[in-house]
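What follows is each chain in one-letter form.
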Amino acid sequence: MSENETALAVAHRHTPDWMILSIACIAQFMVVLDVSIVNVALPSMGRDLHFSYSSAQWVINAYVLTFAGFLLLGGRAADYFGRRHVYLTGIVVFTLASIGAGLAQTGPEMVTIRAIQGIGGAILSPATLTIIVTTFQGPRLPKAIGAWAAVAGAGGAAGALLGGILTGLASWRWIFFINVPFGLVAGGAAFLYLREMRNKDATSKLDITGAVLVTGGLASVIYAVVNTTTHAWASSFTLSWLLAGLALLTGFLFWERRIASHPLVPFRIFRSRPLSVANAVMVLVGGVFFAMWYFLTYFFQFVLGYGALRTGFAFVPMAVAIIAGAQISSRLLVKTGARPLLQVGAALATIGFIWLSLIQPTSSYWANVFVPAVLTAFAMGLLFAPLATSATSSVDRADAGLASGILNTARQVGGSLALAILATVATDRTTSFLHHASQGAALTAGYQRAFQISSVITLVALGITFALPKLTGRASAH
């Protein structure tokens, strides 16, 4: 056992494992929750803050862009400065920004605060997985990651539920204020019980230039994509932002490989085939699952005629399915390894999306949406634990924060791009149908096309899983 691991064991001798796991899971729940909780509240928020339909989307995009762009820096910070310091910094920034968002009085003020909240999430989220990877060992690790994955997955589904309940019964402002008690509990528990652990050999110098280049590049590309609803793909506006983003990302690659003395992303880490495969799969499945919540939310409200409260409750079975899938996969992981679970999850997701693409404007929730939506959510739960295990199982413990930051970045970037691209495709199809169909039929046609493309994407992810080494995640492989 290394010096760091020995110190960790001594420090946590009197701290129950469930406490450490709870500290990690509560924070991850908060971060993931805020990606999806806004969807149901957007219409009423837009009225109060005078957003247009297109500008209201930036309440989501501002958070996701800064979250995705700074995740790599957040993951590296956990390795350099220690998981406790980074966790507490992230929880403070995130909670204060949540209060600010709940008090926002104008649209620009809301977008700015949401961007700051995304930075807080980017600091906080990698630290949660670092806490788990550096605390739990042996057969306890996949179980802990399974709980973390279940909470993370449920946070995405619970966002729609809580968004509907809080908006319907109180005010959209409470979708942000709800973070405050979570932040106080998690921050207080971390201050009292979480002991510091960091890589003593790591320099405290962070690659700020690399962080700016990759954040700017990702933001520029995603900005171009999300604006294709108002600017054509071949327009000078879209092409200019895409080229600027690609130039910045190319500069990031050159900087990291040739110039940076302490690179934000040491490319040696991608020599790990499990990590590379996990990130490729996460970009694809994380993207379409993120988009699924968005399209179902609008299908429930604008086609089925649900209010915010009823829409929230419609997501309850999906949240339960995610938790069930994550618990099952975490228990099977040490026996089967990650690859079979990823293949089953991707296959079920493909079936679920094909099934969802059969919805009609006359469909009902229980007869036509419930089963395929639950099946797809269950597949999501199956996937996240083996993906997290694959990404972190073959890297040095000193790089645990970096590995988790890369995986979270893959999910957020995939979600941003998938939502932007699928929303554009759905909008175009809806517009073409409006000339000869009702609004409900036209909207449904757009959602159908989005789910059809999603099924193709998960099928591609299924093919990629075959590149994962067979023993990844199995107990015998450790």
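These numbers were taken from a predicted model, which means no experiment stands behind them.

Examining the overall build of the chain
Right, on to step 1. When helices and strands are counted, the chain shows 19 helices and 0 strands.
Right, on to step 2. In terms of overall size, the chain behaves like a compact globule, its C-alpha atoms giving a radius of gyration of 21 Å where 478 residues would be expected to give roughly 23 Å.
Right, on to step 3. When its C-alpha atoms are laid out on the principal axes, the chain stretches across 70 × 45 × 45 Å.
Right, on to step 4. Residues counted as buried form 59% of the 478 residues belonging to the chain.
Right, on to step 5. Put simply, of all contacts in the chain between residues at least 6 apart along the chain, 84% involve residues at least 24 apart.
Right, on to step 6. Averaging the positions of the 28 positive and the 14 negative side-chain charges in the chain gives two centres separated by 9 Å.

Remarks on the side chain of Ser220
Right, on to step 1. Tracing the sequence through the fold places Ser220 in helix H11 (residues 208–226).
Right, on to step 2. In this structure Ser220 comes out as buried when scored by relative accessible area, which is 5%.
Right, on to step 3. With residues near it in sequence (within four places) discarded, Ser220 still touches Trp241, Ala244 and Gly245.

With respect to the side chain of Thr311
Right, on to step 1. Here Thr311 is to be found in helix H14 (residues 308–314).
Right, on to step 2. With residues near it in sequence (within four places) discarded, Thr311 still touches Val40, Thr297, Phe300, Gln301 and Tyr306.

Things to note about the nonpolar core
Right, on to step 1. Counting residues in each nonpolar core, the largest one holds 140 residues, and the members touching the most others are Met45, Tyr87, Met110, Phe295, Leu296 and Phe300.
Right, on to step 2. Ranked by residues supplied to this core, first place goes to helix H13 (residues 273–302) with 18 residues.
Right, on to step 3. Those residues in contact with Phe300, other than ones at most four positions away along the chain, are Gly305, Tyr306, Thr311, Ala314, Phe315, Met318, Tyr365 and Val369.
Right, on to step 4. Trp58, Ile222, Val225 and Val226 belong to the second-largest nonpolar core, a separate cluster that totals 6 residues.

Section: the pattern of salt bridges
Right, on to step 1. With the rule as written, the count across this model stands at 2 salt bridges.
Right, on to step 2. As a salt-bridge pair, Asp17 and Arg140 come within 2.4 Å of each other at their nearest N and O atoms. In this pair, Asp17 is assigned in helix H2 (residues 17–36) and Arg140 in helix H8 (residues 140–169), connecting sequence segments 123 residues apart.
Right, on to step 3. Since its relative accessible area comes to 37%, Arg140 is described here as partly exposed.

Focus: the environment of Ala127
Right, on to step 1. Residue placement: Ala127 occurs in helix H7 (residues 107–135).
Right, on to step 2. Distance from Ala127 to Ala24, taken between C-alpha atoms, is 7.9 Å for residues 103 residues apart in sequence.
Right, on to step 3. Apart from residues no more than four positions distant in its own chain, Ala127 is found in contact with Ala78, Arg83, Val86 and Tyr87.

Topic: the environment of Phe299
Right, on to step 1. With respect to the helices and strands, Phe299 occurs in helix H13.
Right, on to step 2. Classification of Phe299 by relative accessible area gives buried; the value is 1%.
Right, on to step 3. Distance from Phe299 to Ser394, taken between C-alpha atoms, is 41 Å for residues 95 residues apart in sequence.
Right, on to step 4. Once residues within four sequence positions are removed from consideration, Phe299 is found in contact with Leu304, Ile359, Gln360, Ser363, Val369, Thr444 and Tyr447.

A short note on a nonpolar patch on the surface
Right, on to step 1. A surface patch of nonpolar side chains, about 350 Å² in accessible area, is lined by Val92, Leu96, Ile99 and Leu103.
Right, on to step 2. In this structure, Leu96 sits in helix H6 (residues 83–103).

A look at the layout of surface pockets
Right, on to step 1. Its boundaries defined by the atoms lining it, the second largest pocket holds a volume of some 440 Å³.
Right, on to step 2. Forming the walls of the second largest pocket are 19 residues, and the residues nearest its centre are Leu218, Ile406, Thr409, Ala410 and Val413.
Right, on to step 3. When residues in the lining of the second largest pocket are grouped by element, the largest group, 5 residues, is from helix H18 (residues 400–433).
Right, on to step 4. For the lining of the second largest pocket, the residue count by class is 17 nonpolar, 2 polar and no charged.

Some thoughts on the packing of H13 against helix H19 (residues 439–465)
Right, on to step 1. Orientation of H13 relative to H19, taken along the N-to-C sense of each, is 160°, at an axis distance of 9 Å. Comparing their axes, H19 and H13 come out roughly antiparallel. The element H13 and its partner H19 pack so that their crossing is left-handed. Touching Val277, Ala280, Val281, Leu284, Val285, Val288, Met292, Phe295, Leu296, Tyr298, Phe299 and Phe302 of H13 are Leu443, Thr444, Tyr447, Ala450, Phe451, Ser454, Ile457, Thr458, Val460, Ala461, Ile464 and Thr465, all from H19.

Here we look at the packing of aromatic side chains
Right, on to step 1. One pass over the structure, following the stated rule, counts 23 aromatic pairs.
Right, on to step 2. Considering the side-chain rings of Trp293 and Phe315, the 5.7 Å spacing of their centres and the 65° angle between planes classify their relative orientation as edge-to-face. Of this pair, Trp293 sits in helix H13 while Phe315 is found in the loop between H14 and helix H15 (316–336), placing the two residues 22 residues apart along the sequence.
Right, on to step 3. Of the residues examined, Trp293 reaches a relative accessible area of 6% and is grouped as buried.
Right, on to step 4. Since its relative accessible area comes to 0%, Phe315 is described here as buried.

Here is what the cut-offs are and how they apply
- Residues numbered from 1 in each chain as written.
- Predicted model: local features only at pLDDT ≥ 70, side-chain atom pairs only at ≥ 80, totals over all residues.
- Heavy atoms only, no water.
- Helix = DSSP H or I, 4+ residues; strand = E, 2+ residues; numbered from the N terminus.
- Rg over C-alpha atoms; globule rule 2.2 N^0.38 Å.
- Buried < 20%, exposed > 50% of the residue type's maximum accessible area, 1.4 Å probe, protein only.
- Contact = heavy atoms within 4.5 Å.
- Lys, Arg positive; Asp, Glu negative; His and termini not counted.
- Charge placed at Lys NZ, Arg CZ, Asp CG, Glu CD.
- Core = buried A, V, L, I, M, F, W, Y, C linked by side-chain atoms within 4.5 Å.
- Salt bridge = Lys/Arg side-chain N within 4 Å of Asp/Glu carboxyl O.
- Patch = residues over 30% accessible without salt bridge, like charges linked within 9 Å, V, L, I, M, F, W, Y side chains within 5 Å.
- Areas by Shrake-Rupley, 256 points an atom, 1.4 Å probe, with all protein chains shown as cover.
- 1 Å grid on protein atoms, 1.4 Å probe; cavity = no way out; pocket = protein on both sides within 12 Å on 5 of 7 lines; lining within 4 Å.
- Points joined across faces, edges and corners; volume = space filled by probe spheres on them.
- Nonpolar A, V, L, I, M, F, W, Y, C, P; charged D, E, K, R; others polar.
- Axes fitted to C-alpha atoms, helices over the stretch in contact; angles between N-to-C directions.
- Parallel < 35°, antiparallel > 145°, perpendicular 65-115°, else oblique.
- Left-handed = near helix turned anticlockwise from the far one by under 90°.
- Phe/Tyr/Trp six-rings, centres within 6.5 Å; stacked < 30°, edge-to-face > 60°.

These figures capture arrangement, not role.
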